[in-house]
Amino acid sequence: MVALALHRTYSPLRTLALLAAAVAVLPLAGVVAAAAGGGSADIAMRELGRYAASSAILAALVAIITGVVGTLAAWLVVNHSFPGRGVFAWALALPLAAPAFAIAYAYADLLDIAGDLRIWLRASAGFDLPLNIRTLPGAAFVLSCAFYPYVYLAMRAAFVNQSAQALEAARVLGAPRARTFFRIALPMARPALAAGMALAVMETLADYGAVQFLGVQTLTTGVIRAWFVYGSLASAAQLALPLLGVAALLLWLERLSRRGRTHDTGRARWRPLEPIGLGRVKGALACAFCLSLVTAGLLLPVGVLAASALETTPEWPRLTQAAGRSLLLAALGGAATVTAALFLALGAARLPVTARIASLGYATPGAVMAVGLLLPAAWAWTLVPGGASNLVLGLLLLTYAYVARLMAAALEPIEAGLARVSPSMLDAARSLGRGELGAAFAIQAPMARGAIATAWLLVFIDVLKELPATLILRPFNFDTLAVMADNYAQDERLANASWPALLIILAVLPAVLWLNRKMAQARPGTSA
């Protein structure tokens, strides 16, 4: 009888979901174990306060800047008519194609060029210009240029899905536009604003390439410095613990913001609101504001990088090899991550808590994930001697880190795709003799193949731009485009660093355009 009961309660999908969640949790447990069992870590204790303070200030600045400019851009595009509105609706998301470190290289190079202007002004006009980008405010500016699209996309979806009746009632009653925005539209969009700002802060805390190049010491740079410079795993793990705690807090806030995201029901919510035509002056100002965001986040950095790249002859053999490695890791990481996310999504209905646990990885910086894998990596490398074997093991460890870090990013679209499958479809498949796994892969997975492709593309984009985890876990002399750009930048060879940075942007830009188009075609009133 006990065996029969166990047979009836056994669920292969539940088992697969538990395994997928364990993949995301084990590196985090490795961080805690390394911090607790590593003994004294004087480096971490001495530098923790300074790293934590700079991380907190930087995150606060980026949250404020991205929250303001992303919200204003979304409000203008959704609710107003001005020259270029149709183009800016999708162009404002394009800075997602540029890694933050590439934007940092461009502005540092640009302001180095502007140093001649600074010297001339000081000599002839008697005043100076603050042209140094390598400061905490400079880093906040660079990261805001890279991450404001997270807030913009979230707020654009929120404004599109808001009740037309509520905003029309405010207009009929003569409420000024500013009051309508602050008293009606913004309060209804608060969950989306919180989610977008949380994502921007997550990316800020996870960034390494930009802040390290700009000389801003954050917790993430401290983690990597403790490992590479001092060789102290205990210090790296103890510096990673605050990041892990903040990641859990941000994830909780982001999940909390989803409650009540839909504030109204009814068919009126699906009716688009007629945009307000702006006058010549206000329309020109709105166009200039949106154009400045796209220019600061993509057009200007790409132009500066391209001009800088033309000053040097590229090392094509190294570039080609690094590009092939980047694409290989992105393809492998995308496939493995989507597979794990699919297992998790299929079993999430039976174990809803596992999806929340696995989502912690997305809020965790890649450097923290890598530190959590250092102990098992060292143990595995002692068991597998030999160069070729170490290469394979290194690729497996990197792929594992990508899966643990990005599973939640793939989980969202896959869950949305699986929501199209009705319970009656599964019941019909079961009645025809399909088991639980058979019904899942015969019915659910095929119907969600579009969402699965979208999830793979999201992970592909993130892996191409990822730097800290790759820097820590990569096999010896295995450089990706991001690592190659970082190596050049550390040597202050920005012209050489421009080539791999531009290749990353060129590889990611078509994917961002496609994803943006899919979002724009989403039916109003649905979750974006």
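Criteria and cut-off values
- Residues numbered from 1 in each chain as written.
- Predicted model: local features only at pLDDT ≥ 70, side-chain atom pairs only at ≥ 80, totals over all residues.
- Heavy atoms only, no water.
- Helix = DSSP H or I, 4+ residues; strand = E, 2+ residues; numbered from the N terminus.
- Buried < 20%, exposed > 50% of the residue type's maximum accessible area, 1.4 Å probe, protein only.
- Contact = heavy atoms within 4.5 Å.
- Areas by Shrake-Rupley, 256 points an atom, 1.4 Å probe, with all protein chains shown as cover.
- Lys, Arg positive; Asp, Glu negative; His and termini not counted.
- Salt bridge = Lys/Arg side-chain N within 4 Å of Asp/Glu carboxyl O.
- Polar contact = N/O pair within 3.5 Å; in protein donor to acceptor, adjacent residues only side chain to side chain.
- Phe/Tyr/Trp six-rings, centres within 6.5 Å; stacked < 30°, edge-to-face > 60°.
- Axes fitted to C-alpha atoms, helices over the stretch in contact; angles between N-to-C directions.
- Parallel < 35°, antiparallel > 145°, perpendicular 65-115°, else oblique.
- Left-handed = near helix turned anticlockwise from the far one by under 90°.
- Nonpolar A, V, L, I, M, F, W, Y, C, P; charged D, E, K, R; others polar.
- Disulfide = S-S within 2.5 Å.
- pLDDT = per-residue confidence, 0-100.

Caption draft 1: Fine view of the overall build of the protein chain. When its secondary structure is counted, the protein chain shows 25 helices and two strands. Relative to its 528 residues, the protein chain shows a buried fraction of 53%. The long-range share in the protein chain, meaning contacts at least 24 apart out of those at least 6 apart in sequence, stands at 85%. Within the structure as shown, the protein chain displays about 23600 Å² of accessible surface, and the carbon and sulfur contribution to it stands at 67%.

Caption draft 2: Quick peek at the side chain of Asp207. Residue placement: Asp207 occurs in the loop between helix H10 (190-206) and helix H11 (209-213). Despite its burial, Asp207 pairs with no opposite charge, the nearest such side chain being Arg405 at 9.2 Å. Looking at Asp207, its side chain comes within polar contact range of the main-chain nitrogen of Ala210, at 3.2 Å. A polar contact of 3.1 Å, which involves the side chain of Asp207, links it to the backbone nitrogen of Val211. The residues contacting Asp207, other than those within four sequence positions of it, are Ala100, Leu143, Thr218 and Thr220.

Caption draft 3: Layout of the environment of Gly372. The residue Gly372 is located in helix H18 (residues 366-383) in this model. For Gly372 and Val25, which are 347 residues apart along the polypeptide, the C-alpha to C-alpha distance reads 9.8 Å. Once residues within four sequence positions are removed from consideration, Gly372 is found in contact with Pro27, Gly30 and Val31.

Caption draft 4: Summary view of unusual backbone geometry. The phi angle at Asn477 is positive, at roughly 60 degrees, despite the residue not being glycine. Within the element layout of this structure, Asn477 appears in the loop between helix H23 (468-473) and helix H24 (481-490). A positive phi angle, near 60 degrees, is found at Glu492, a position not held by glycine.

Caption draft 5: Just the packing of aromatic side chains, in detail. Under the defined criterion, the tally for this structure stands at eight aromatic pairs. Aromatic side chains Trp75 and Phe159 sit 5.2 Å apart centroid to centroid with 70 degrees between the ring planes, which places their arrangement in the edge-to-face category. Here the residue Trp75 occupies a position in helix H3 (residues 42-79), and Phe159 occupies one in helix H7 (residues 136-160), the gap between them amounting to 84 residues. For the pair Trp75 and Phe159, a shared accessibility class is recorded, and that class is buried. Pairing Tyr107 with Phe141 gives two aromatic rings, centres 5.2 Å apart and planes at 80 degrees, and the pair type is edge-to-face.

Caption draft 6: Fine view of the packing of helix H15 (residues 316-347) against helix H22 (residues 449-465). The contact between H15 and H22 brings their axes to 8 Å, and the two run at 135 degrees. The orientation of H15 relative to H22 falls into the category oblique. Judged by the twist between their axes, the crossing of H15 over H22 is right-handed. Seen from H15, the contacting residues are Ser326, Leu327, Leu329, Ala330, Ala331, Gly333, Gly334, Ala335, Thr337, Val338 and Leu342; seen from H22, they are Ile452, Ala455, Trp456, Val459, Phe460, Val463 and Leu464. In the contact of H15 with H22, the residues fall into 14 nonpolar, four polar and no charged.

Caption draft 7: Structural context of the state of the cysteines. Enumeration over the complete set of coordinates arrives at zero disulfides. Looking at the unpaired Cys287, the closest cysteine sulfur is the one in Cys290, lying at 7.3 Å.

Caption draft 8: Up close: the confidence of the model for the protein chain. When pLDDT is averaged along the protein chain, the result is 81, and 78% of the positions lie at 70 or above. Segment residues 1-8: pLDDT under 50, and zero contacts once partners within four positions in sequence are set aside and those in other chains are kept. Within the model, the stretch residues 261-269 combines pLDDT values under 50 with 15 contacts to residues more than four positions away or in other chains.

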